[in-house]
Amino acid sequence: MTDALQELLHKQAIYEVVLRYCRGIDRLDFDLVRGAYHRDGIDHHTGFDGTVDEFIEWVRPKLRALGGTMHHIGNHLVELHGNLAISESYSTAAHWGAPGRDDFTSGCRYVDLMELRDGRWAIAERWAVREWTRSDAGRLIAPEGRGPRGRRDTSDPLNLLRARMGEGSAPH
């Protein structure tokens, strides 16, 4: 395998770590979130600094209080340094449906120290750098008609399709 191909494969694996984290957060799949980090991973979010397990316990009730979230990843750049990498991912995240609280959207950058251990890239340390937040109060409207809706349980269309493919709802 050429060095260029190996570099591309490493960068793709790192990108997929970021995407699995976002899916886990949006679908309330905390095993998937945990799997984006190494067991001793550290997270720094607005209002939080600690281990990945502490992060999950901190964020779980906050996310469950919301009707939903949707994290979009834009620019993504990876600098490889052997078995270490710096990953910077721009994100826009919408949050809605919190009782007594405005819906809001934030822009952030995930600045990650990724590490390759036992053939697996994962987050060793993450900084969720908040760039901006805006209130979306009064901007959310009802769906325009019947159709599929996102769910944060096993009845979500993603989980139904994965079950049809014989994978159950376990994320990969």
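Treat the numbers as computed from the prediction; the structure is a model and nothing was measured.

A word on the side chain of His-95
Part 1 of the reasoning: Among the secondary structure elements, His-95 is positioned in strand β4 (residues 84–96).
Part 2 of the reasoning: Reaching out from His-95, the side chain makes a polar contact with the backbone oxygen of Ala-93 at a distance of 3.2 Å.
Part 3 of the reasoning: Ignoring sequence-local partners within four residues, the contact set of His-95 consists of Leu-66, Gly-68, Thr-69, Asp-103, Phe-104 and Ser-106.

Topic: the UniProt feature "domain: SnoaL-like" (unreviewed entry) in the protein
Part 1 of the reasoning: The UniProt record annotates "domain: SnoaL-like" (unreviewed entry) at residues 6–126.
Part 2 of the reasoning: When the span residues 6–126 is considered, its composition is 34% helix and 50% strand, and the gap between its end C-alpha atoms is 24 Å.

Concerning the pairing of strand β5 (residues 104–117)
Part 1 of the reasoning: Burial analysis of β5 places ten of its 14 residues in the buried class, which makes it a mostly covered element.
Part 2 of the reasoning: Pairing between β5 and strand β6 (residues 120–135): 14 bridges, direction antiparallel. Bridging across to β6, Met-114 finds its partner in Ile-123.
Part 3 of the reasoning: Where β5 folds back onto β6 in an antiparallel hairpin, the turn is made up of two residues, including Asp-118, whose phi is positive at roughly 50°.

Thoughts on unusual backbone geometry
Part 1 of the reasoning: Phi is positive for Leu-28, which is not a glycine, with a value near 55°.
Part 2 of the reasoning: Tracing the sequence through the fold places Leu-28 in the loop between α1 (3–27) and α2 (30–35).
Part 3 of the reasoning: You can call Leu-28 buried: its relative accessible area is 17%.

So, the nonpolar core
Part 1 of the reasoning: The biggest cluster of nonpolar side chains holds 29 residues, and the ones touching the most others in it are Tyr-21, Val-33, Tyr-37, Phe-55 and Met-114.
Part 2 of the reasoning: Looking at this core, the elements with two or more residues in it are α1, α2, α3 (52–64), β3 (68–81), β5 and β6.
Part 3 of the reasoning: At six residues, α1 tops the list of elements feeding residues into this core.
Part 4 of the reasoning: Apart from residues no more than four positions distant in its own chain, Tyr-37 is found in contact with Tyr-21, Ile-42, Asp-43, Val-52, Phe-55, Arg-120, Ala-122, Ile-123 and Arg-126.

Description of helix α4 (residues 157–164)
Part 1 of the reasoning: Structurally, the start of α4 carries an N-cap: the backbone nitrogen of Leu-158 is 3.0 Å from a side-chain oxygen of Asp-156.
Part 2 of the reasoning: Gly-166 sits one or two residues past α4 and shows a positive phi near 85°.

Let's talk about the packing of aromatic side chains
Part 1 of the reasoning: Inspection of the entire model under this criterion finds six aromatic pairs.
Part 2 of the reasoning: Centroid distance Phe-55 to Trp-58: 6.0 Å. Interplanar angle 35°. Geometry classified as tilted. On the criterion of helical spacing, the pair formed by Phe-55 and Trp-58 is a turn pair, its members being three residues apart in helix α3.
Part 3 of the reasoning: The buried category is assigned to Phe-55, whose relative accessible area is 0%.
Part 4 of the reasoning: Following the ring pairs from residue to residue traces out a cluster consisting of Tyr-21, Tyr-37, Phe-48, Phe-55, Trp-58 and Tyr-110.
Part 5 of the reasoning: Above the ring of Phe-30, the side-chain terminus of Arg-60 is found at 4.7 Å from the ring centroid.

Some details on the pairing of β6
Part 1 of the reasoning: In terms of strand pairing, strand β1 (residues 37–45) meets β6 through four bridges, oriented parallel. Looking at the pairing, His-44 lines up with Trp-127 of β6.

Thoughts on the side chain of Asp-43
Part 1 of the reasoning: Within the secondary structure, Asp-43 sits in strand β1.
Part 2 of the reasoning: Looking at Asp-43, its side chain comes within polar contact range of the side chain of His-45, at 2.5 Å.
Part 3 of the reasoning: Setting aside residues up to four positions removed in sequence, Asp-43 forms contacts with Tyr-37, Phe-48, Asp-49, Gly-50, Phe-55 and Arg-126.

Some details on the sheet that holds β1
Part 1 of the reasoning: On the basis of which strands lie adjacent, the open sheet formed by six strands has the order β2-β1-β6-β5-β4-β3 and mixed pairing. At either margin of the open sheet sits one strand with a lone partner, and together these are β2 (48–51) and β3. Between one strand and the next, the sheet's axes are offset by a mean angle of 15°, whatever the strand orientation.
Part 2 of the reasoning: Contacting β1, β3, β4, β5 and β6, α1 crosses the sheet at an angle of about 160° to β3.

Rules of the game
Residues numbered from 1 in each chain as written. Predicted model: local features only at pLDDT ≥ 70, side-chain atom pairs only at ≥ 80, totals over all residues. Heavy atoms only, no water. Helix = DSSP H or I, 4+ residues; strand = E, 2+ residues; numbered from the N terminus. Polar contact = N/O pair within 3.5 Å; in protein donor to acceptor, adjacent residues only side chain to side chain. Contact = heavy atoms within 4.5 Å. UniProt positions renumbered as here; feature names shortened; annotations may be inferred. Buried < 20%, exposed > 50% of the residue type's maximum accessible area, 1.4 Å probe, protein only. Pairing = 2+ DSSP bridges. Core = buried A, V, L, I, M, F, W, Y, C linked by side-chain atoms within 4.5 Å. Phe/Tyr/Trp six-rings, centres within 6.5 Å; stacked < 30°, edge-to-face > 60°. Lys NZ or Arg CZ within 6 Å of the ring centre and 35° of its normal. Axes fitted to C-alpha atoms, helices over the stretch in contact; angles between N-to-C directions.

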